[in-house]
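Architecture at a glance
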Amino acid sequence: MKNILKPLMVATLLLAVAACAAPVKYSADKLPLCSAPSDTGVVKLSSVPYTKEDPQSCAVALKSVDVAVWSEAAYNSRKLRGLDTVELGYKPLLAATGDASYHGPTGHANSLVVNFDTTVFEEDTAVRRAYLAVYSPDNPQGLNGVVLRGRLSTGDELQSLARERRAVTNMEGTSGWIFFDVSFFVARAINERRNSIHFELSVPGQPAAGNLVRVGVTKKEPHLVVEYN
């Protein structure tokens, strides 16, 4: 009997250790249907100011599943996480010359990549409006020149989004949020139960560095604002 119990105890211990070592799977609290909306049109969601189209609808600002900066260079492209802010746009991208083994940065172009889980919404959610809200600490109007593309799942081609966008800034217009209208894209994502929709913000490539625009990454990170019934 002891010979049988000993292997069983060892196996149980190994399974327990394996369970403790396993990474925790991402999960998000599900949002209820809109049954008790607020009676005010202006709300502040996770520091994101938003004016609702219908005071009797509900609104939420989703945090991202993942936010990162894609830094692209001739020999050193990589994804960066943990940055407070980043300048979107191109600094001179020069080809490395003379040494084929060179792996240092030769200039770089930054873009912002953000993912959201829309399965937190109930299947019967009716989207009134949806915006990708992006913050700039010093040049919100510069975000009007940003290209926003998105895809519903890994492997899909990126599609151009949000020709309509609006700014909510401080009195001087020196800092604030740009709201990129992604209503149809997000409504489809909720309907199709997509758990990692992808957005990519970039500035069209130009040789001059004057087209750079600073945005919040982890400091006032982008949110997906959804007004729904």
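Note: the structure precedes this text.
Residues numbered from 1 in each chain as written. Predicted model: local features only at pLDDT ≥ 70, side-chain atom pairs only at ≥ 80, totals over all residues. Heavy atoms only, no water.

Overview of the overall build of the protein chain
Scanning the protein chain from N- to C-terminus turns up two helices and 15 strands. For the protein chain, buried positions account for 38% of its 229 residues. Taking the intrachain contacts of the protein chain between residues at least 6 apart in sequence as the baseline, contacts between residues at least 24 apart amount to 74%. A total of about 13000 Å² of accessible surface is found on the protein chain, and carbon and sulfur atoms cover 54% of it. (Helix = DSSP H or I, 4+ residues; strand = E, 2+ residues; numbered from the N terminus. Buried < 20%, exposed > 50% of the residue type's maximum accessible area, 1.4 Å probe, protein only. Contact = heavy atoms within 4.5 Å. Areas by Shrake-Rupley, 256 points an atom, 1.4 Å probe, with all protein chains shown as cover.)

Focus: the pairing of strand 15 (residues 223-228)
Burial of strand 15 is extensive: six of the six residues sit out of reach of the surface. Covered by surrounding structure in strand 15 are H223, V225 and E227 together with L224, V226 and Y228, the residues of both alternating faces. Note: strand 8 (residues 127-136) against strand 15, six bridges, orientation antiparallel. Within strand 15, the residue paired with Y131 across the bridge is V225. (Pairing = 2+ DSSP bridges.)

A word on the state of the cysteines
Applying the stated criterion across every chain yields a total of one disulfide. Paired by a disulfide, C34 and C58 hold their sulfur atoms 2.1 Å apart. On the sign convention where negative means left-handed, the S-S torsion of about 80 degrees between C34 and C58 marks this disulfide as right-handed. In this pair, C34 is assigned in the loop between helix 1 (2-21) and strand 1 (42-45) and C58 in strand 3 (residues 58-62), connecting sequence segments 24 residues apart. Pair check on accessibility: C34 and C58 agree, each one buried. (Disulfide = S-S within 2.5 Å.)

Things to note about helix 2 (residues 183-191)
Inspection of helix 2 places S183, F185, V186, A189 and I190 among the buried residues, and these make up the whole buried set. Seen end-on, helix 2 carries its buried residues on one side only, within an arc spanning 165 degrees. Projecting away from the buried face of helix 2 at angles above 90 degrees are the exposed residues F184 and N191. Buried residues along helix 2 sit in contact with strand 8, strand 9 (147-151), strand 10 (159-161), strand 12 (176-181), strand 13 (197-202) and strand 15. Looking one or two places after helix 2, you find R193, whose phi comes out positive at around 60 degrees. (Arc of directions from axis to C-beta.)

Digging into the packing of aromatic side chains
With the rule as written, the count across this model stands at seven aromatic pairs. When the centroid spacing of 5.9 Å and the interplanar angle of 55 degrees are considered together, the rings of Y50 and Y131 count as tilted. In this pair, Y50 sits in strand 2 (residues 48-51) while Y131 sits in strand 8, placing the two residues 81 residues apart along the sequence. Taking relative accessible area as the criterion, Y50 reaches 2% and is therefore assigned buried. Taking relative accessible area as the criterion, Y131 reaches 8% and is therefore assigned buried. On the basis of an interplanar angle of 40 degrees and a centroid distance of 6.3 Å, the ring pair of Y50 and F179 is categorised as tilted. In this pair, Y50 sits in strand 2 while F179 sits in strand 12, placing the two residues 129 residues apart along the sequence. For the pair Y50 and F179, one class covers both residues: buried. Each member of the aromatic cluster is reached from another via a ring pair, and the members are Y50, Y131 and F179. The cationic tip of R166 hangs over the ring face of Y131; the distance from NZ or CZ to the ring centre is 5.0 Å. Over the ring of F179 we find R166, and its NZ or CZ is 4.9 Å from the ring centre. (Phe/Tyr/Trp six-rings, centres within 6.5 Å; stacked < 30°, edge-to-face > 60°. Lys NZ or Arg CZ within 6 Å of the ring centre and 35° of its normal.)

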